[in-house]
Amino acid sequence: MTDGDELVESAGSDPWAAHLPGQELVPAYLVSRFAAQYRAIVDVMVEAQDTSLTGMSYDDIALQLRAWVSAKTGSDVADRLMHEDAFALDARLDSLVRWSVLTRWQEPARTGEDFLRRRDRFQLTPTAARLHTFWTLELAADEDAAADLTLAPRAIHDRLREFATAIDERRFPAAASEYQQIIALHHGMAVAARSWQRSLAHALSGGPDPDKQEILWLTLQSYVGMWGEQVDIYTPAVAQVITELEPQLTESVWRACVRGALAQDASEAIVENQTQRWVRTWGALGGWFAGADGQARRLRRQLRDLVAPWARNMHILMDTGGALTRRGELLDLARAIERAPDDDTAWQMWDTAVGVFGARHLLIAAESADEHTLAWADADAAPITARFREHGHRAAVGKRTKAIDNSAGREAARRSRAAALAQRRSAEVTLRARSGTAMSEWAALTEPELQLLLEYLAIARVRGGESTRSAVTEDGRWRVTLTAPEDATTTALKAAQGQFVTRNWHFVLDPTKLAAGE
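Residues numbered from 1 in each chain as written. Predicted model: local features only at pLDDT ≥ 70, side-chain atom pairs only at ≥ 80, totals over all residues. Heavy atoms only, no water.

### Topic: the overall build of the chain
Which entries qualify depends on this criterion: The helix count covers DSSP runs of H or I at least four residues long, the strand count covers runs of E at least two residues long, and both are numbered beginning at the N terminus. Remark: exposure states derive from per-residue accessible area (1.4 Å probe, protein chains only) relative to the maximum for the residue type, with buried under 20%, exposed over 50%, and partly exposed in between. Contacts between residues were defined by any pair of non-hydrogen atoms, one from each residue, lying within 4.5 Å. The accessible surface values rely on the Shrake-Rupley method and a 1.4 Å probe; as for residues, cover is taken only from the protein chains in view.
Within the chain, the secondary structure is distributed over 19 helices and nine strands. Counting only residues that meet the buried cut, the chain has 31% of its 518 residues in that class. Sequence separation of 24 or more characterises 61% of the internal contacts of the chain that already satisfy a separation of 6 or more. Total accessible area computed for the chain in this model is approximately 33700 Å², and 54% of it derives from carbon and sulfur atoms.

Dropping the structure here:
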């Protein structure tokens, strides 16, 4: 087999074509040696389809083609290119018809003049029209289409809720209207996601180059700026609505919704086909938003795994790239400060820009283990560099990070807890010794005794209309009983901090079964 055997119209056939889709001649006009001429003709035909459905005559094509070429290249160049020695329109149209790019037919002759003129008319085939439209789309068209879907997840969530409400109320035409909007939004999201997937797959394949870096950057901007927050926020809500609504969507409900969107005399075949299409879209929605491995979550994970190494590489490049100018940023800052509504806002902008922030707690490793016992208020000021302030512990890359020794603090805390518990037990013993007496008979209290007494008074506080109240402490070890004096007298208990004035309670402190070990 030679290269000539692979030409578009070469003889012979490929045995593969007997089992798989084979040769398609429509794209041949794009790879022909005269592709510029063919593409110009098809461009004119596509533009004509926007205003006419009846095709173009031979004369119309020649006239429109000359105007199209003149607009692109100028009249002088157009005259030279359209000269019969350089351009054969008849041959080009014949080739396009042979490749199934154009269909040709003849107008009927109604007058004598019709027999004297060329009555051929031409129209693009649907496949050729779609192919040329796709081929002439700008590369940024996908990004523009994605920008129109910035709020798509929220819109899908809102439409799904309205769809669920309409289903509950058996308003099937309204449900169909809501679901058709969901189909359009889902289709747009799927198209945008596929375009990102293709861009990322190309950018990550083979060796890096500036074009791939640019594609990657544009894709990440599209995701973060247009879609990231929406998908993250609304995916759980959409999944919940889908889960709640799923049991209600029986086949009869789907058919009722489809009937609500079609004419009353729609055939059963159309209803069946549309129902299957809507059910497939519903399944695709579940695949997008529901489950831990939905398409939305998988796309987010892919981009998350991609952003960190890419951003790190960009940071390294910027650090080592040599001279970097900040002139543009400084001019933007000056303009922003100039437009600030008041002085406070302007100062806030300035402080933020130059890194003057409020106090922050930074965990800095001590130089020696003994310094962990030193209170921060007594320690010398630690030098905080701008890099450390901005990046925190990541600024210490390359240095050996010292593990913080908190054992001394833990030991001090343990000793403190043990001492407090011993003081409480001692206070319990002395208050137990005062049980069965009026408080006016008590000697001075120590600080632990006073704190424990206040706790007991709060537990067994006598309310209005009661003369006696009894309650068990929170640890279940003691029952406290307070009895109000009949003459409503008060007493002052002396303590190290001063005096505590209270009613002259008759105080009883009895151990419970828990304290007695029963």
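### Observations concerning the side chain of T491
Counting through the fold element by element, T491 comes out in strand 7 (residues 490–495). When its relative accessible area of 11% is taken as the criterion, T491 is described as buried. Those residues within four positions of T491 in sequence are excluded, and the remaining contacts are M439, S440, F500, V501, T502, R503 and N504.

### A word on the sheet that holds strand 3 (residues 120–124)
Put simply, the rule reads: Think of it this way: DSSP has to see at least two bridges between two strands before they count as a pair. For every element, the axis is a line fit to its C-alpha atoms; helices are fit only across the contacting stretch, and the angle between N-to-C directions ranges from 0 to 180 degrees.
Read from one edge of the open sheet, three strands run 1-3-2, paired in antiparallel fashion. Strands with a single pairing partner mark the edges of an open sheet, and in this sheet they are strand 1 (56–57) and strand 2 (102–106). Pairing geometry for strand 1 and strand 3, over two bridges, is antiparallel. If you follow M56 over to strand 3, its bridge partner there is F122. Here helix 5 (residues 89–98) sits on the sheet and contacts strand 2 and strand 3; the angle it forms with strand 2, its principal contact strand, is near 110°.

### Brief notes about empty space enclosed by the protein
Defined as follows: In this analysis the probe radius is 1.4 Å and the grid spacing 1 Å, with only protein atoms considered; a cavity is a set of points the probe fits into but cannot get out of, a pocket is an open set with protein on both sides within 12 Å along at least five of seven lines, and lining residues have an atom within 4 Å of a point. Grid points are joined across faces, edges and corners, and a volume is the space filled by probe spheres set on the points. Under the scheme applied here, ten amino acids are nonpolar (Ala, Val, Leu, Ile, Met, Phe, Trp, Tyr, Cys and Pro), four are charged (Asp, Glu, Lys and Arg), and all others, including Gly, are polar.
Scanning the entire structure with this criterion turns up one cavity of 30 Å³ or more. Space inside the largest cavity adds up to approximately 30 Å³. Residue contributions to the lining of the largest cavity peak at three residues, all from helix 2 (residues 35–49). Split into classes, the residues belonging to the lining of the largest cavity amount to three nonpolar, four polar and no charged.

### A short note on the sheet that holds strand 9 (residues 506–511)
Reading across from one edge, 4-9-6-5 is the order of the four strands in this open sheet, with antiparallel pairing throughout. The open sheet has two edge strands with one neighbour each: strand 4 (437–438) and strand 5 (468–472). When strand 4 meets strand 9, the two strands line up antiparallel, connected through two bridges. Following the sheet pairing, T437 is matched in strand 9 by F507.

### Here's the deal with unusual backbone geometry
Trans is the common state for peptide bonds, and a negative phi is the common state for residues other than glycine. The phi torsion at S100 lies on the positive side, around 65°, for a residue other than glycine. Relative to the helices and strands, S100 is located in the loop between helix 5 and strand 2. Despite not being glycine, R170 has its phi angle at roughly 60°, a positive value. When you line up the elements, R170 lands in the loop between helix 8 (152–168) and helix 9 (172–203).

### Comments concerning helix 18 (residues 447–459)
Operational definition: One fewer than the residue count of a helix, multiplied by 1.5 Å, yields its expected span.
Taking 1.5 Å per residue as the helical rise, helix 18 with its 13 residues ought to reach 18 Å, and the 19 Å between its terminal C-alpha atoms agrees with that figure. Buried residues along helix 18 sit in contact with helix 17 (407–433), strand 6 (478–483), strand 7, strand 8 (498–503) and strand 9.

### Details of a nonpolar patch on the surface
What counts is decided by this rule: What makes a patch is a set of residues exposed beyond 30% relative accessible area and free of salt bridges, joined within 9 Å when like-charged and within 5 Å when nonpolar (Val, Leu, Ile, Met, Phe, Trp, Tyr). Salt bridge, as used here, is a side-chain nitrogen of Lys or Arg placed within 4 Å of a carboxyl oxygen of Asp or Glu.
Nonpolar side chains collect at one region of the surface, where W347, W350 and V354 lie side by side and expose about 340 Å² of accessible area between them. Looking at the secondary structure, you find W347 in helix 15 (residues 343–354). Judged by relative accessible area, W347 falls into the exposed class, the value being 55%.

### Let's talk about the pairing of strand 3
Here strand 3 lies mainly inside the structure; five of its five residues are buried. Of the two faces of strand 3, the one holding D120, F122 and L124 and the one holding R121 and Q123 are both buried throughout. Alignment of strand 2 against strand 3, held across five bridges, turns out to be antiparallel. Residue pairing in the sheet places R104 in a bridge with F122 of strand 3.

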